[in-house]
Each structure stands twice: as C-alpha cells, then as structure tokens.
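Architecture at a glance
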Amino acid sequence: MNSRAGEYTMETMQQRTNQPEEVVRKTEIMISGLDCANCAAKLEKKVASLKGVHQATLVFATGKLTVDHAVPVSLLLQTVQDSGYKGTVVQGTMARPEEGSVWKERRTQMTAASGVILAAAFTMNFMGAAPEWIIPMYLASMIIGGYHVVRIGLFSLRAMVPDMNLLMTIAAVGAAAIGEWNEAAVVVFLFSLGNSLQAFSMDRTRRSVRALMELAPQEALVIREGSEFILPVDALSVGDRIRVKPGERIPMDGTVLSGFSSVDQSPVTGESVPVDKDQGDDVFAGTVNGTGSLTIEVTRLAKDNTIGRIMHLVEEAQAQKAPSQQFVDVFARYYTPAVIMGAVALVAVPVLFLGQPFTPWFYKALVLLVISCPCALVISTPVSIVSAIGNASRQGLLIKGGAYLEDLGRIQAVAFDKTGTLTEGRLAVEDVVPEKSYTSDEVVALAAAVERYSEHPAARAIVEYSQEQGLVLAEVSHFESQPGIGVSGNMGDHRIRVVNTRHVDDHWAELVRIQHCQGRTVAVVMKDDVVVGIIALADKIRAGSNSALDRLRAAGIQHMVMLTGDHPAAAHVVAEKMGIDDVRAGLLPEEKVEAVKEIRGNHRRVAMIGDGVNDAPALAAATVGIAMGAAGTDAALETADVALMSDDLSKLAFGLQLGRQALSIIKQNILFSIGIKAVFLALTFMGVANLWMAVFADTGAALLVILNGMRLMGFRDLQI
C-alpha cells in the first residue's frame, strides 16, 4: 500500500511537472474618478476575487492599483470600468497623470446631463406644466444621474459592505415611492455632482504628487562610439554617457565626467540656491542644468533613479494609514450598517408601536439615511495626509507615512548627532598662532606647500584655507609622509615639517593645551626642526544651523540634546556655540540608543537626526528617526522615518510645523464632519430638514473637508 502510494505521488508529481507553469505579472493601474475610501476598498476586493489574481492592492490616497496576476490586463481594466471607474496602465518607469481626466469621464458627463434635465423640469413646473410631463423628466434625471450611484450601491450590497451609494439609492427610491419626485431627483443630482467634485479634488491632489515624475525627461542625448543620438531613458544602461545642454533637465542619475555648471537641485533636495557641479560630482534626475554643458556617466537605471525612488517612497507613505485614519476607517465600517438599522427603527417604532402615520416617519428616515452618510468623515484624514506628504516631498523632506507625520506634529524633544549633522563633517582652519618672527600667512603658506601632497583631512583644510587667503605656495621636493607623525618636504635648503603635538616644548605645549580645551585639532609647523607656529582646526558648524535651532525652539521644542561619539571638549564647544541644552559625548552606538530611550522617558516623543547609516540604531529607537542629506543615498532613504534630502537643517523646523498644521486640520475635519451631522440630525427630528437640504449638507461637508485638507498642499515654511 505504501508502495502504491509512493507510485501515485511520483506519478502525480510528474503530471504536475508536465503542466505549464502559471506566469504571474505585476501591473500598476492608475484609477481616476475614485472619490471615497470605501469605494476603493470594494474595488480592491473585486479585483482580488478574480480567478488568476494572486494579490491586489489599491491605495485610495494615490489612486494606484497594483495587481499580481496571471490573467489578461484587459480583464483587469474591464473590471475597473464595470465598477464605474477608469483605469490607465502605468507604462515604462513613469506614472504620468492625465490632466482633466475626471471631466472626460462618462459619469461626469451623465451628471451634467442629469442637471440639465432637472433644470428643465423645474422650469416647466414653475410654468405650470402638468405632472404627467414633469414626472418623466424627474425620472429621466434620476436614471441618468444615478446610474453609477445605483450600480456601485448594489455592488456594495452584494459584497456585504454597505456604503453611502447604497444609502443614497435607498433614499432616492424611497422618496420617489412616496411621491416626492422633485426631492428624489435633486438628491440624486446633488450626490452625483458631489461625487464628481470630490473625484476632481482628489485627482488634483494625487496629480500634484505624481507630477514629481514629470520632472525627469523621458529622453536623453546619448554618446556612443563617438556619435550622439536621442534615446528613451528606459533604453539607457549604467555606464552610458549622456550630454546635458544648458537649461535642460538632467534625465538620469549620474556622475559628471566633464564640464562645469550650476545645477538647480530644488526639485529633489529643496535647496533654493543652485549647486556647482564639476568633474566627479553626482547629479540627480529631474534637476535643472544651468549655463554650462555637462557630460555625465549614468549610475542608475531610470526605474531606480532618485526621482523614482522618491516617488515610490511617497506613494508608500501615503498608503500607510495614520492612527487617526485607522480610527475613522474602523468607525465607518460599523457606522453605515448602524445608520440603516437606525433608519428602519425610526419608521418601525412610531408606526408599529405608537400608531403614528407611515409617510412622515418614513420621510424622516430617508433624511436620516442621507445626512448620516460618512463621506466627509471617511475622506477627512486621507486627503490631509496626501496633501501634507506631497507638499513635504516637493520641499525636499520625505515623510514615510501618516503616522510619522502625526508624530512630527507632537515632537517635544530633538536629539542631534554632531558630525555631519550640526557640523559639516570636515575640518576647517579656526586659528593660526605664529612664532613672533613670522606672520600667520607665512605659517599657513609653509604648511600648505607641503600638505598639498597629502590626502589627510587636516591637510585638505589647510590647503583650502591658503587658497581662500590667496597665498602663493613655494615648490617642495622630497615629500615624505610618516603615518602617526606628519608630513615633510624640502623647500630650497630648508626642511619643512607639519607634525602632531607630541614633540613641542613647554611654551608651545601650553598654547596647544588651550586649543585642545576648545575642541580643536592642532598641527605644528616646523622649519628646520624649529616650531614657527601652530594651526588649529575644527569641524565647521553647518551654515544655518544656529537659525534652524532657534526656529525649532520657537516652534515649541522643549529640549535639544547632542549625542556624539566625538571628544567631549569638541562636543561642548559646538553645543555652547549653538545653545544646545544637553551634551552626551564619547558615546558608542549602543550608548546613543540608551540615551534616546532616556530622553523618551522624560519627554515622551523625541526625534533623532543623524546620517541615517552610522546612527541607524538611535534613529530606530526614537519616535521619529530623521536622516540628514539623504539625496542619492540608498541606505539613508531606507533607514529613517523621515529623510532630509539636502543638508539643510531648516527643513526640520518646516517638518514639525507641517506636522502640527496637519494634526490641526485633521482634527478640524473630523469635528466638522461629526458636528454638521449632529446639527442636521437635530433638524430632522424637529421636522425642519428635508432631503435636498440633507444631501446638500452631506456633499458640502465632504467638499469642505477636502478643500481644508488641500490647504496643506500650499503650506509654506513659517519664518518664526
């Protein structure tokens, strides 16, 4: 028996092996006309239920449907169309928004036709036409304007996910059943019009984010085998050479091979001032070349370029639901069925148990259905999150989700790494102390003449300082580098040495000690074994850091601390110059983590800002981890919750202000959505509200919360 079972298993395996393997593809489809989160959830469920579809994910905030499937793409598009929406397959590497797509849709056009017929019916009624002429026009207006509403409503009923379309369908049919034809037609038209306006507003919000993709050109001037010709960016490979003329956008990420120009990097990093680019410098797709011509070697494929990765991260961020949105989604899931049950009870109890007339209470139940639609509440949070994250990305600040956006708005303390964050991460000459018979320039000229042959960071700093001072350097021969000691070379008949501080007499030792107490590195300059001066160097404080910290304080940050592995003396000097509250120096990575946890214990929510790589454990331990200067750096983009694309600390204050403004607007939207319903519910029971007033209030509330959330698209850095 076991033998036969084994034979059967082998035979079955063989049969399976002979069967053709299912080819699974991933397709991205942009959905237009999507006006509510519940509708997005139903469409996602419908596509996912298709045979041959392995996974389907539709993000309402971005309107992007991603499907892993083994069925034809045409079936996916037909399913989208059958659900009342329009789908466009994303081609190539770029998701191009279709301008004005909402107004080209059949649903919008049918709404307009419904409005024209409704206006004609009201005109005829005003002129005294007979009901047998007017009622068919009301009915025609309802059928044309409500076609998509009824279809989506019935689908939600079959899917056991009742939504506002179903509520409106019941209300309109019920109003017509009791002879309120004019109100039924007005309800359908206003709701359909509101859906179109909401879809337009949401599409506009989505396009403002997708427009990032328009920054990168679709073609590039390629240099191959001595010839120049234009190719689509998708056809380029890593290592290809491209030429970018003055005034053109750079089409690919790459490294400058030749040429010099100033490049406007604001689309990627948010920097307001163009950055000079020379041989060996990195450039990003989507940035704008200045007056020079650049030859660039491609370093990333089009699908992996900086703009593409930013767009991908922004879309992922918008798909991540903030805590407030999660609450609203759960609330709405149980809210709509409860409203239907409440409407049924509103009719049943007075009519069956209290002997009240049917029609008045049935009408009140219809008004209750309309005014209780959760449109405004459901849309209140996502539109705010989309607008804020899209705005931040255009300012060079990547926020990886609504939760982090809300956390930014609640931050009370900020922890900074020192090197590369508060400082530039490179040495600069701070002081020169010459021997009495020499000048400062003479000491620097002697040191730079030798140091220009060295690759040491201190050497580069001394040479750069000599260039800034316009000094002429003498020729040096017999250059020699002694690791751990210094460098030396012959200048004519003299031996010039630039060494460490181990072999200085008591006089110079005291001067060196004073410099060390200020956190500076000291280079000793000697001529023929006689000290002629010392040069003190320090990590240069990043330009604008002081003002950035001042603005953080003005924005309400209660506590700022520096966490660094650097020497305590150097750390305290920088902290004193910047007015930082607390300094923890000489820390190992695990000690930084413990420090962050301690700060969280005292201040609840803390942001940690560092380079995104070396500070990864501390970034993870903070409420919000922020990577500094992440443009072009894969690790920094992936590590942190928030990424500053440039080295501009002022963007941190902007992020906090944006988070707080977003929190404020989300609360306003939720309170307004609930408040307007409470008012109209009271008016309903008082017998004051009617159907068209209810739908006008519901649609108006939804549009108002959308417009209020869209204010975040135009939010700008407050210069406080």
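Here the residue numbers are simple positions, counted from 1 along each chain's written sequence. Whole-chain, interface and lining totals are the exception, using all residues; otherwise, since this is a predicted model, local features are given only for residues with pLDDT of at least 70 and side-chain atom pairs are given and counted only at 80 or more. Hydrogens and water are ignored here; the side-chain numbers use all heavy atoms of the structure.

Numbering of helices and strands runs from the N terminus, with a helix taken as a DSSP run of H or I at least four residues long and a strand as a DSSP run of E at least two residues long. In terms of helices and strands, the chain carries 25 helices and 26 strands. For the chain, long-range pairs separated by at least 24 residues make up 68% of all intrachain contacts whose partners lie at least 6 apart in sequence. We call two residues contacting when some pair of their heavy atoms lies within 4.5 Å.

Now for the pattern of salt bridges. Two side chains that carry opposite charge are able to pair once their charged atoms sit near each other. The salt bridge definition used is simple: a Lys or Arg side-chain nitrogen within 4 Å of an Asp or Glu carboxyl oxygen. Enumeration according to the criterion identifies 18 salt bridges in this entry. Glu-430 is paired through a salt bridge with Arg-520; the nearest N and O atoms lie 3.9 Å apart. On the criterion of sequence distance, the pair formed by Glu-430 in strand β16 (residues 423-434) and Arg-520 in the loop between α18 (506-517) and β20 (521-527) is long-range, its members being 90 residues apart. We classify Glu-430 as partly exposed; its relative accessible area is 33%. For every residue, the accessible area obtained with a 1.4 Å probe (protein chains only) is divided by the maximum for its type, and the residue is called buried under 20%, exposed over 50%, and partly exposed between those limits. According to the relative accessible area criterion, Arg-520 is buried, its value standing at 15%. Of the charged contacts in the structure, one is a salt bridge between Arg-584 and Glu-598, with a shortest N-O distance of 3.5 Å. Highlighted residues: Arg-584 in strand β23 (residues 582-584) and Glu-598 in helix α21 (residues 589-603), separated in sequence by 14 residues.

Taken in spatial order, the six strands of this open sheet run β6-β5-β7-β13-β8-β11, and their pairing is antiparallel. Each having just a single partner strand, β6 (227-232) and β11 (282-283) make up the two edges of the open sheet. By this definition, two strands are paired if DSSP reports at least two bridges between them. Here strand β8 (residues 254-258) pairs with β11 via two bridges, running antiparallel. Across the sheet, Thr-255 pairs through a bridge with Asp-282, a residue of β11.

Another aspect to go through is the sheet that holds strand β25 (residues 624-627). The seven strands lie next to each other as β14-β26-β25-β24-β15-β22-β23, forming an open sheet whose pairing is mixed. Strand pairing shows two members of the sheet lacking a second neighbour, β14 (397-399) and β23, which therefore form its edges. Going from strand to strand, the sheet's axes swing by 20° on average, the running direction of each strand aside. Interaxial angles span 0 to 180 degrees and are taken between N-to-C directions of axes, which are lines fitted to C-alpha atoms, for helices over the stretch in contact. Most of the contacts of α21 go to strand β22 (residues 559-563), to which it runs at about 170°, and overall it touches β15 (413-416), β22, β23 and β24 (606-610).

Moving on: the packing of helix α19 (residues 545-554) against helix α24 (residues 650-685). Between α19 and α24, whose axes approach to 8 Å, the crossing angle comes to 15°. One way to sum up the angle between α19 and α24 is to call them roughly parallel. Crossing geometry of α19 relative to α24 is assigned as left-handed. The residues of α24 that touch α19, namely those facing Ala-548, Arg-551 and Leu-552, are Ser-650, Leu-652, Ala-653, Leu-656 and Gln-657. Roughly parallel means an angle under 35 degrees; roughly antiparallel means over 145; roughly perpendicular covers 65 to 115; every other angle is labelled oblique. A clockwise turn of the near helix away from the far one marks a right-handed crossing, whereas an anticlockwise turn of less than a right angle marks a left-handed crossing.

Pairing of aromatic rings covers Phe, Tyr and Trp, the last through its six-membered ring, and needs centres within 6.5 Å; plane angles under 30 degrees mean stacked, over 60 mean edge-to-face, and all others mean tilted. Inspection of the entire model under this criterion finds four aromatic pairs. On the numbers, 5.0 Å between centres and 20° between planes, the contact of Phe-358 with Phe-362 is stacked. Taken together, the residues span about one helical turn, with Phe-358 and Phe-362 both in helix α12 (residues 358-371) at a distance of four residues. Geometrically, the ring pair formed by Tyr-453 and Phe-479 is tilted, given 5.6 Å between the ring centres and 45° between the ring planes.

This part covers helix α17 (residues 457-468). With twelve residues, α17 should reach 16 Å at 1.5 Å per residue; the first-to-last C-alpha distance of 17 Å fits that figure. Of the positions making up α17, those classed as buried are Ala-458, Ala-459, Ala-461, Ile-462, Val-463 and Ser-466. Contacts from the buried residues of α17 go to β16, α16 (440-451), β20 and β21 (530-541). Here the expected length of a helix is defined as 1.5 Å per residue gap, with one fewer gap than residues.

To continue, consider the side chain of Ser-393. Looking at the element boundaries, Ser-393 is found in helix α13 (residues 375-394). Within the local environment of Ser-393, its side chain forms a polar contact with the backbone oxygen of Gly-390, the two atoms lying 2.7 Å apart. For the purposes of these results, a polar contact is taken to be a pair of N or O atoms within 3.5 Å, where, inside protein, one atom must be able to donate a hydrogen and its partner to accept one; residues adjacent in sequence count only when each atom of the pair is a side-chain atom.

Looking now at the nonpolar core. Grouped burial of nonpolar side chains is what soluble globular proteins tend to show. Definition of nonpolar core: a set of buried residues of the types Ala, Val, Leu, Ile, Met, Phe, Trp, Tyr and Cys, connected through side-chain atoms within 4.5 Å. Judged by nonpolar contacts, the single largest core of 73 residues is most densely connected at Ile-31, Leu-34, Leu-65, Leu-76, Tyr-85, Met-168 and Leu-691. If you tally residues by element for this core, the top one is α12, at ten residues. Val-414, Ala-548, Ile-665 and Phe-715 belong to the second largest nonpolar core, which has 44 residues in total.

A word on the side chain of Thr-27. Tracing the sequence through the fold places Thr-27 in strand β1 (residues 25-32). Contact partners of Thr-27, with chain neighbours within four places excluded, come to Leu-65, Thr-66, Val-67, His-69, Val-73 and Val-89.

Even without glycine at this site, His-478 takes up a positive phi of about 55°. For His-478, the location among the structural elements is in strand β17 (residues 477-482). Exposure remark for His-478: the relative accessible area of 62% places this residue in the exposed category. Positive phi, close to 65°, is recorded for Asp-529, a residue that is not glycine. In this structure, Asp-529 sits in the loop between β20 and β21.

For α21, built from 15 residues, the straight-helix expectation of 21 Å at 1.5 Å per residue is met to within 8% by its first-to-last C-alpha distance of 21 Å. Elements in contact with the buried residues of α21: β15, β22, β23, β24 and α22 (616-621). A positive backbone phi angle near 65° is found at Arg-604, which sits one or two residues after α21.

Take Ala-129: it is sitting in the loop between α5 (106-126) and α6 (131-158). Among residues more than four places away in sequence, those in contact with Ala-129 are Met-124 and Ile-134.

Like charges are joined within 9 Å and nonpolar side chains (Val, Leu, Ile, Met, Phe, Trp, Tyr) within 5 Å, but only among residues with over 30% relative accessible area and no salt bridge; these make up the patches. Using a 1.4 Å probe, the Shrake-Rupley method yields the accessible areas, and only the shown protein chains count as cover for residues. Taken together, the side chains of Val-349, Leu-352, Phe-353 and Leu-354 define a hydrophobic patch exposed on the protein surface, amounting to about 470 Å² of accessible area. Mapping Val-349 onto the fold places it in helix α11 (residues 323-353). Given a relative accessible area of 40%, Val-349 falls into the partly exposed group.

If you trace the backbone, Ala-694 turns up in helix α25 (residues 691-710). Distance from Ala-694 to Leu-366, taken between C-alpha atoms, is 9.6 Å for residues 328 residues apart in sequence.

The next thing to look at is the pairing of β22. A regular strand carries its side chains on alternate faces of the sheet. Counted residue by residue, β22 has five buried out of five residues, so it is predominantly covered. Residues His-559, Val-561 and Leu-563 of β22 are buried on one face, and the alternating residues Met-560 and Met-562, pointing to the opposite face, are buried as well. In the sheet, β22 pairs with β23 via three bridges, with the strands oriented parallel. Looking at β23, one finds that Leu-563 is bridged to Arg-584. A clockwise path from the first strand over the helix to the second, with the strands pointing away from the viewer, defines a right-handed crossover. With respect to chirality, the unit in which β22 leads through helix α20 (residues 568-578) into the neighbouring parallel β23 is right-handed.

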